[in-house]
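# Observations on chain architecture
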Amino acid sequence: MTDDLELDQLLSRPTPAAREAMARLGGDLLILGAGGKMGPTLAQLARRSAEEAGAAGRIIAVSRFGAPGSRDSLERAGIETIASDLLDPAALAALPDAPNVLFMAGQKFGTSDDAAGTWAINGFLPGLVAQRFAGSRIVAFSTGNVYPLWPIESDGPTETDPVGPVGEYAQSALARERVLEFFSERNGTPAAILRLNYAIEPRYGVLRDLADRIVAGMPVDVDMGRVNLIWQRDANAVALAAFAQCASPPLLMNVTGRPAHRVRWLAMELGKRLDREPLFAGREAATALLSNAERMEARFGVPEVGIDEMLDRVADWVKGGGRSLGKPTRFEERSGRF
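I will try to describe carefully the structure that is included in this document.

Reading the values: the criteria
- Residues numbered from 1 in each chain as written.
- Predicted model: local features only at pLDDT ≥ 70, side-chain atom pairs only at ≥ 80, totals over all residues.
- Heavy atoms only, no water.
- Core = buried A, V, L, I, M, F, W, Y, C linked by side-chain atoms within 4.5 Å.
- Buried < 20%, exposed > 50% of the residue type's maximum accessible area, 1.4 Å probe, protein only.
- Helix = DSSP H or I, 4+ residues; strand = E, 2+ residues; numbered from the N terminus.
- Contact = heavy atoms within 4.5 Å.
- Pairing = 2+ DSSP bridges.
- Axes fitted to C-alpha atoms, helices over the stretch in contact; angles between N-to-C directions.
- Parallel < 35°, antiparallel > 145°, perpendicular 65-115°, else oblique.
- Left-handed = near helix turned anticlockwise from the far one by under 90°.
- Nonpolar A, V, L, I, M, F, W, Y, C, P; charged D, E, K, R; others polar.
- Polar contact = N/O pair within 3.5 Å; in protein donor to acceptor, adjacent residues only side chain to side chain.

Once that is clear, we can look at the nonpolar core. Core analysis: the biggest nonpolar cluster contains 42 residues, and Leu29, Ile31, Leu102, Phe141 and Leu240 have the highest contact counts within it. At the level of elements, helix 2 (16–25), strand 1 (29–32), helix 3 (39–53), strand 2 (59–63), strand 5 (137–143), strand 7 (191–196), helix 9 (232–241) and strand 12 (251–255) are the ones that each hand at least two residues to this core. Broken down by element, the residue count for this core peaks at 6 residues, all from helix 9. For Ile31, the contacting residues outside a window of four places in its chain are Leu42, Ala43, Ile59, Ile60, Ala61, Val62, Leu102 and Met104. Within the second largest apolar cluster, 35 residues are counted, among which are Trp150, Leu274, Ala315 and Phe331.

Put into structure tokens, the structure is as follows:
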């Protein structure tokens, strides 16, 4: 498979959990920051799941939509789109009311060159959104980067373990969580905060990063020796299901797969599928960015797609010349500079 439309169909194919979530949702779903890496397929997953469940309600995707044609696939799928700068108070006020708000807006890459912009989007904007939609349920994506690096022989930190963000991006992500927590408690807004790492699909993600380096004959850095991975559709399905778990103060939940996989092993497995021998650099450190997904699994079950299928799909896509989003995750970064 090397066709983007076909891939989007795969990534938005309804799961039983997504169908159940949309059947129970009740009312419209407003997706803020829907133009990013996960937003388009999440919106399509919500639309298709709602249709299969016979559920009414609009799916409204909000983003700047700056690239030509970036709204076309969403609108063809029956999703309403609104071009909006969420940092503009007038534009935010003009958005339609909705009982369910999925907050995906954020900035990671470019933080080193635009730290102020990252703090505005990750720390200031959540407060504006929380006040504008105080009467809604809010599910917000955060990141596992709010945790410190953790011993690689462990299962990683749980939601009750201390946070310890490294670098300004991670610090601003924690600010997003704290601001949402504040307004959730102040206004009684039911909310859920999802600490994601790392979502996988063939055009983007840790496995695509590794495959690109292997094909280019570049060494794979193994200093960050282990990573947690989850198929993007499974992560999106959890986001939809999380509306039923919203609370005040917010539910905190790590969203990922487990166990964490050794980067060296992942590269070796991709190398077999790509008929290339991977090269390696560095030495596996005693700690890595990890997350323990026991809470997610207890509430929503084990993700449907396992590591072997992820490896197969990414390798097949790369071998077939499928395009990349051109946005490396920089998962190997240990100093928090993005």
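This paragraph deals with the sheet that holds strand 3 (residues 80–83). Two strands in a sheet stick together by hydrogen bonds in their backbones, pointing the same way (parallel) or opposite ways (antiparallel). Taking strand neighbours across the sheet as the criterion, the 7 strands line up as 3-2-1-4-5-7-12 in an open arrangement whose pairing is parallel. At either end of the open sheet lies a strand with only one pairing partner, and these are strand 3 and strand 12. On average, each strand axis in the sheet is inclined to that of its neighbour by 20 degrees, with strand direction left out of account. Relative to strand 4 (residues 100–103), strand 1 runs parallel, the two being bridged by 4 bridges. Bridge assignment links Leu30 to a residue of strand 4, and that residue is Val101. Strand contacts of helix 7 (residues 168–187): strand 4, strand 5, strand 7 and strand 12, with the helix running at about 160 degrees to strand 5, the strand carrying the most contacts.

Orientation of helix 10 (residues 263–274) relative to helix 12 (residues 307–319), taken along the N-to-C sense of each, is 50 degrees, at an axis distance of 9 Å. Compared by their axis directions, helix 10 and helix 12 come out oblique. Along this stretch, helix 10 crosses helix 12, giving a crossing that reads as right-handed. On helix 12, the residues that touch Trp265, Leu266, Glu269, Leu270, Arg273 and Leu274 of helix 10 are Ile307, Asp308, Leu311, Asp312, Ala315, Val318 and Lys319. Considering only residue class, the contact of helix 10 with helix 12 consists of 8 nonpolar, no polar and 5 charged.

A few words on the environment of Arg58. For Arg58, the location among the structural elements is in the loop between helix 3 and strand 2. Each C-alpha atom of the pair Arg58 and Ala98 lies 9.1 Å from the other, and the pair is 40 residues apart in sequence. Contact partners of Arg58, with chain neighbours within four places excluded, come to Asp28, Leu29, Arg47 and Glu80. At a separation of 2.8 Å, a polar atom in the side chain of Arg58 contacts the side chain of Glu80.

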